[in-house]
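So the chains spell out like this:
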There are 2 protein chains.
Amino acid sequence: MNATTITSTHSGTTRGPVDHEVRNQIVIAATQHFRLYGYEKTTVSDLAKAIGFSKAYIYKFFESKQAIGELICANCLHEIETDVRSAVDGGGYPSEKFRRMFKTIVESSLRLFFEDRKLYDIAASAATENWESVRTYEARIKMLLQDILIQGRETGEFERKTPLDETAASIYLVFRPYLNPLILQHSLDSTADAPAQLSSLILRSLSP
Amino acid sequence: MNATTITSTHSGTTRGPVDHEVRNQIVIAATQHFRLYGYEKTTVSDLAKAIGFSKAYIYKFFESKQAIGELICANCLHEIETDVRSAVDGGGYPSEKFRRMFKTIVESSLRLFFEDRKLYDIAASAATENWESVRTYEARIKMLLQDILIQGRETGEFERKTPLDETAASIYLVFRPYLNPLILQHSLDSTADAPAQLSSLILRSLSP
């Protein structure tokens, strides 16, 4: 997901590079502000005051607080996705890629959603309200999973009897508690061992 | 878990049948009251007023609101466990028992935790604070799972290479989001298909 895609999601009109620059400035300032004071409790007025723009000026670039939150959330999910992709791109057998994928999803989600506890707010709203950025992210993780499954089937490392859709859907259900910040917060006790244990279980289910 | 076990959990002293009767009366009245008004918002004073006992009299039988909540929670988890046991006792191959076990955990948890939305409060507190009733329940579900795995290993339906502990622990991690009411509330979209899909995945992982 590149910056252009993110921007175009939230704006029907074509905007020039200057507009893009201002949007970025607002997003960076808003991220800082939400980090300190939380997303839920902040209004666009608070934000305007804090970052020294007028409320009307902010509304020229974002139609609502959620539109700003969407962009921050998309950036955050994009960061997780980048981590996961680079873990998978490290090469090796499809089974090794799979293990690294699961491990990185958990580690990167923990880092992004919980180290910045105040940004957890945004991720939680995004997951509760099923924002577009979340749906896009989930679709991309599913695609990445499917690619590994296809590679494993082609190299003969994974079984081919089960329909690919079924295999992918059931593995995604195992991933889900670790992708979704609302669920992840209740699984913090098990995040150290879960990816390895569950990867082993899933890889046993994939053996030809 | 029979009534005696539950009672003895919350009381160090030996109590006669009359005391037991009064405790039951309080629990039944409290369950009704929590069902209507929620657990979190109710105080022991509210409860005393509503059920026509003095606060002091209630404290003779329960040391706190949580002690009453614990017993209601234990009863609720006991009901789920009974459902699961009778589903498993239905006979058939270990694989069939396993499928029924998972299906019943989900269906019974949904019914107990969410149909009575006001009782969800208690289950949520219990899960958040890791009450003894929850720990006992989880241990019993783990034992039941382990029994099925042992049967499947003995009959040759399941593989025996993976250490039993490891197999059981990883399967339990797959169950967990559907046992824990805090997590289950965020998985309501997937509860219709998840047990069947995940059972198939797990059974593939168990094949010799």
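Residues numbered from 1 in each chain as written. Chains lettered and ligands numbered in written order. Predicted model: local features only at pLDDT ≥ 70, side-chain atom pairs only at ≥ 80, totals over all residues. Heavy atoms only, no water.

Side note on the relation of the copies chain B and chain A
By a simple turn and slide, chain B fits onto chain A: the slide is 0.0 Å along the axis, the RMSD is 0.0 Å, and the turn is 180 degrees. In the structure described here, the two chain copies are related by an operation that fits a two-fold rotation axis. Minimal C-alpha separation from the rotation axis in chain B is found for S205 of chain B, amounting to 1.7 Å. Most of the interface of chain B is mirrored in chain A, where 100% of its interface residues again form contacts. (Least-squares fit on C-alpha atoms with pLDDT ≥ 70 in both. Contact = heavy atoms within 4.5 Å.)

Section: the pattern of salt bridges
This model, assessed by the stated rule, comprises 14 salt bridges over all chains. Between D83 of chain A and R111 of chain A there is a salt bridge, with its nearest N and O atoms 2.6 Å apart. Pair noted here: D83 of chain A is in helix α5 (residues 65–88) and R111 of chain A is in helix α6 (residues 94–115), with a separation of 28 residues, a long-range link. For the salt bridge of E166 of chain A with R204 of chain B, the shortest nitrogen-to-oxygen distance reads 3.7 Å. Of this pair, E166 of chain A sits in helix α9 (residues 164–179) while R204 of chain B sits in helix α11 (residues 194–206), each in a different chain. Classification of R204 of chain B as buried rests on a relative accessible area of 18%. Salt bridges sharing partners connect three or more residues here, namely E79, D83 and R111 of chain A. (Salt bridge = Lys/Arg side-chain N within 4 Å of Asp/Glu carboxyl O. Helix = DSSP H or I, 4+ residues; strand = E, 2+ residues; numbered from the N terminus. Buried < 20%, exposed > 50% of the residue type's maximum accessible area, 1.4 Å probe, protein only.)

Considering the interface of chain B and chain A
How big an interface is tends to be reported as the loss of accessible area on association of its parts. Across the boundary between the two partners, chain B contributes 25 residues, which contact 25 residues of chain A. Three residues, L173, H186 and R204 of chain B, lead the burial of chain B against chain A; their summed loss comes to 30% of the area buried on that side. In this structure, the connection of chain B to chain A is made through four salt bridges. Along the contact surface separating chain B from chain A lie four residue pairs in polar contact (both at pLDDT 80 or more). Going through the elements one at a time, α9 (164–179), α10 (181–184) and α11 of chain B are the ones with two or more residues in the side of chain B that touches chain A. By residue number, the principal contributor to the side of chain B that touches chain A is α9 of chain B, which donates 10 residues. (Buried area = accessible area lost by both parts, 1.4 Å probe. Polar contact = N/O pair within 3.5 Å; in protein donor to acceptor, adjacent residues only side chain to side chain.)

A look at unusual backbone geometry
All names here are of chain A. At N130, a residue that is not glycine, the phi angle is positive and equals roughly 50 degrees. Position of N130 among the secondary structure elements: in the loop between α7 (117–128) and α8 (132–154). Since its relative accessible area comes to 37%, N130 is described here as partly exposed.

Side note on helix α8 (residues 132–154) of chain B
Residues and elements named next belong to chain B. The end-to-end C-alpha distance of α8, which contains 23 residues, comes to 33 Å, matching closely the 33 Å that a straight helix rising 1.5 Å per residue would cover. Taken together, the buried positions of α8 are occupied by S133, V134, Y137, I141, L144, L145, I148, L149, G152 and R153. With its phi angle positive at about 80 degrees, G156 sits one or two positions after the end of α8. (Expected span 1.5 Å × (residues − 1).)

A look at the packing of aromatic side chains
Counting across every chain of the model gives 18 aromatic pairs over all chains. Ring geometry for F113 of chain A and F114 of chain A: centres 6.5 Å apart, planes at 85 degrees, overall edge-to-face. Here F113 of chain A matches F114 of chain A in class, with each residue buried. Ring centres of Y57 of chain B and F61 of chain B lie 5.1 Å apart, and the angle between their planes is 70 degrees; on these two criteria the pair is classed as edge-to-face. Separated by four residues within a single helix, Y57 of chain B and F61 of chain B lie in helix α4 (residues 55–61), roughly one turn from each other. According to the relative accessible area criterion, F61 of chain B is buried, its value standing at 5%. An aromatic cluster of three or more residues is present, and its members are F98, F102, F175 and Y178 of chain A. Of note, K142 of chain A hangs over the ring of Y172 of chain A, and the distance from its end group to the ring centre comes to 4.6 Å. (Phe/Tyr/Trp six-rings, centres within 6.5 Å; stacked < 30°, edge-to-face > 60°. Lys NZ or Arg CZ within 6 Å of the ring centre and 35° of its normal.)

Concerning the UniProt feature "domain: HTH tetR-type" (unreviewed entry) in chain A
Summarizing the sequence annotation, UniProt attributes the feature "domain: HTH tetR-type" (unreviewed entry) to residues 20–80 of chain A in the numbering used throughout. When the span residues 20–80 of chain A is considered, its composition is 80% helix and 0% strand, and the gap between its end C-alpha atoms is 23 Å. (UniProt positions renumbered as here; feature names shortened; annotations may be inferred.)

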